[in-house]
Amino acid sequence: MSYVIAAYGVTALTLGGYALYLLRARAREQKTREPGQETNNG
Amino acid sequence: MRVLLAILWKDLVTEWRSRDRVIAMLVFSLLVVIVYHFALPAGTGSEVLVHTPGLLWVVFVFAALIGLNRAFAMELENDALSGLALVPVDRGWVFAGKAVSTALLLSIVQALAAAAFALVFDVDLSSRALALAGVFALGTLGIAPVGTLLAAMAVRTRFREVLLPILLLPALFPVLAGAVEGTAEVLRDGSPAFASVQLLLVVDGIYWIICFIGFDYVLDE
Amino acid sequence: MNGLGPVASKVRTASGALLGLLLIAYAWTVANAPVDSVQGVIQKILYVHPPLAYGAYLGFVITAICGALYLWKDDERWDRLAIAGAEVGVIFCTLMIVTGPIWAKGTWGKWWSWDPRLTVTLLLWFVYLAYLLLRSFGDGGARTARFAAVYGLVGVALIPLNYFVIEIFGGRGMHPENLERGSLGDGMGLPFLVGNLTLFVAFCWFVLLRWELENLRAASLLRAADPLARAREEIAT
């Protein structure tokens, strides 16, 4: 059972972390993109 | 085709005048053989013979990396790479000239390194010299095209000396597998088996075609 | 506006929404999947390991095809999609290489064997790791993109060559020869299907998101390099 948890756990954590990293990087890009604007039309 | 000969001639003449590439490759190979001597347990002929193919090809690959790292260095220093790119012919022939000159230099180093290996470890390679030379040549013809293509890329990046082995070694698996197996068969049976020769021929052919075409996109400006 | 075309953007939104549903179904079906009579509960790694493998191979194929399209059409968007394919492919491949030995340790008793498929996958992983290093060590311009495209094509050409080597020199594998539907036990088909679907949709979502990020980065680089265009845009808004 611990093997199964290890396999799914490492997959979920890695993909989850990667998703967070991508979303944050995108948010940062969109912010620097329109420095003068309040609203983000993305 | 005339471009191939011109590039080949130019490379060999400059190499003959300075001899620095061949000497660097050669000294390095001999040092590796000496390191083998100190690092490996002393054994008698037949024990060493089992490991000889692998040990030899490690020397050859490292020697090739040293030579390839310098293959485009001179062109880079004189900005001659742009000049080569401007030659109004198919750039594949420029590539072929470079690859053939690398293969020739590597063959010289291989012959001398194998002789040194035979002396240091007291194994008899000379009675199989012809068959060994054939397998070495087939392996070299596989290393040279990919090595030349990737060296032309690596030379124009940061950390080029580090990047070249990282790019090249995983790409060499098919040719090294065939060459090591073929060398082992020569040492065991006197001649390589059909399977390894076939593999080397197929891999060499595919490498040459891909690299010939791919070089067009690597060399420009 | 975001960094994707209208179609790709819609596909990403849809796949993101679908992914939420699929994750629930995935967890539920895997938890309720029957326990294998021979291997025991560890067999449930089946529902994550092969789907990761398909994602990895798909990523590398995308990289090679987009690299070729970039060389052909000279359109940078293909190159950015190639980056996305390589990066997501490397992550899926890493996870496959991690989950495989976990399964192997539990069933074969050892972490690693030089099984043909393992060997080829490991080599492929190194090739695409080298691809990403080539990108990061290059100057980042069109030249780097061209080098990477050529290297990506060399990388896929290596897949059949490596299999050819293994076929010639033998080496029997521990992997089952073929994952046909019939080889799955009763009740295992559905979780396997759901697992494949979930990780495939996740793969698409990741690739599209990574593509969008790369497009946004390229756009902001372009703006930074061209103050005139930036001023014009500010006046327009």
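Just so it is clear, the model here is predicted, and its values are computed rather than measured. (Residues numbered from 1 in each chain as written. Chains lettered and ligands numbered in written order. Predicted model: local features only at pLDDT ≥ 70, side-chain atom pairs only at ≥ 80, totals over all residues.)

What follows deals with the overall build of chain C. What chain C contains, in helices and strands, is seven helices and zero strands. The linear arrangement of helices and strands in chain C, starting from the amino end, is α-α-α-α-α-α-α. Principal-axis analysis of the C-alpha atoms places the extent of chain C at approximately 70 × 45 × 25 Å. Of all 237 residues assigned to chain C, the portion counted as buried reaches 40%. (Helix = DSSP H or I, 4+ residues; strand = E, 2+ residues; numbered from the N terminus. Buried ≥ 20, exposed ≤ 12 C-beta atoms within 10 Å, placed from the backbone.)

What follows is about the overall build of chain A. In terms of regular secondary structure, chain A is built from one helix and zero strands. Buried residues in chain A amount to 10% of all 42 residues.

Residues other than glycine seldom take positive phi values, yet B:Phe159 does so here, at roughly 50°. Along the chain, B:Phe159 falls in the loop between helix 7 (129-154) and helix 8 (160-171). Positive phi, close to 60°, is recorded for C:Asp74, a residue that is not glycine.

Taken together, the 23 residues of chain B in the interface contact 24 residues of chain C. Elements that contribute at least two residues to the side of chain B that touches chain C include exactly helix 8, helix 9 (173-189) and helix 10 (194-218) of chain B. Sort the elements by how many residues they give to the side of chain B that touches chain C and helix 10 of chain B lands first, with eight residues. In the side of chain B that touches chain C, the residues fall into 17 nonpolar, three polar and three charged. (Contact = placed C-beta atoms within 7 Å. Nonpolar A, V, L, I, M, F, W, Y, C, P; charged D, E, K, R; others polar.)

On to the packing of helix 9 of chain B against helix 5 (residues 142-168) of chain C, then. With their axes 9 Å apart at the nearest point, helix 9 of chain B and helix 5 of chain C run at an angle of 20° to one another. Taken together, the axes of helix 9 of chain B and helix 5 of chain C are roughly parallel relative to one another. Crossing of helix 9 of chain B against helix 5 of chain C: the hand is left-handed. Of helix 5 of chain C, the residues touching helix 9 of chain B (which contributes B:Phe173, B:Pro174, B:Ala177 and B:Gly178) are C:Leu161, C:Asn162 and C:Val165. Of the residues belonging to the contact of helix 9 of chain B with helix 5 of chain C, the class tally is five nonpolar, two polar and no charged. (Axes fitted to C-alpha atoms, helices over the stretch in contact; angles between N-to-C directions. Parallel < 35°, antiparallel > 145°, perpendicular 65-115°, else oblique. Left-handed = near helix turned anticlockwise from the far one by under 90°.)

In this structure, C:Thr99 sits in helix 3 (residues 76-107). When the C-alpha atoms of C:Thr99 and C:Ala56 are compared, they prove to be 13 Å apart, with 43 residues separating the residues in sequence. The residues contacting C:Thr99, other than those within four sequence positions of it, are A:Ala7, A:Thr11, C:Ile45, C:Val48, C:His49 and C:Leu52.

Attention now goes to the confidence of the model for chain A. Summarising the model, chain A shows a mean pLDDT of 80, and 76% of its residues fall at 70 or more. Under a pLDDT of 50 for its full length, residues 36-42 of chain A has, in the predicted model, eight contacts with residues more than four places off or in other chains. (pLDDT = per-residue confidence, 0-100.)

Residue and element names in this part refer to chain C. Packing of helix 2 (residues 49-73) against helix 6 (residues 189-225) leaves a shortest axis separation of 9 Å and a crossing angle of 35°. When you trace helix 2 past helix 6, the crossing you get is right-handed. Residues Pro51, Leu52, Tyr54, Gly55, Leu58 and Ile62 of helix 2 pack against Gly195, Asn196, Leu199, Phe200, Phe203 and Val207 of helix 6. Residue composition of the contact of helix 2 with helix 6, grouped by class: nine nonpolar, three polar and no charged.

Moving on to helix 7 of chain B. Between its first and last C-alpha atoms helix 7 of chain B spans 35 Å; for 26 residues at 1.5 Å apiece the expected length is 38 Å, and the two agree. Of all 26 residues that make up helix 7 of chain B, 20 are buried, and the element is covered over most of its length. (Expected span 1.5 Å × (residues − 1).)

Residue and element names in this part refer to chain C. Averaged over every residue, the pLDDT of chain C is 85; the share at 70 or more is 92%. Here helix 7 (residues 227-236) is the element of chain C with the lowest mean pLDDT, 72, and helix 2 is the one with the highest, 93. Confidence drops under a pLDDT of 50 for residues 178-182, and excluding neighbours within four residues, the segment shows two contacts in the predicted structure. Model confidence for the complex is summarised by a pTM of 0.86, with the ipTM given as 0.86.

Time to look at the environment of B:Phe28. Residues and elements named next belong to chain B. Residue placement: Phe28 occurs in helix 2 (residues 20-39). Each C-alpha atom, one on Phe28 and one on Phe62, is 8.4 Å from the other, the two residues being 34 residues apart in sequence. If we ignore the near neighbours within four places in the chain, the residues touching Phe28 are Phe62, Ala63 and Ile66.

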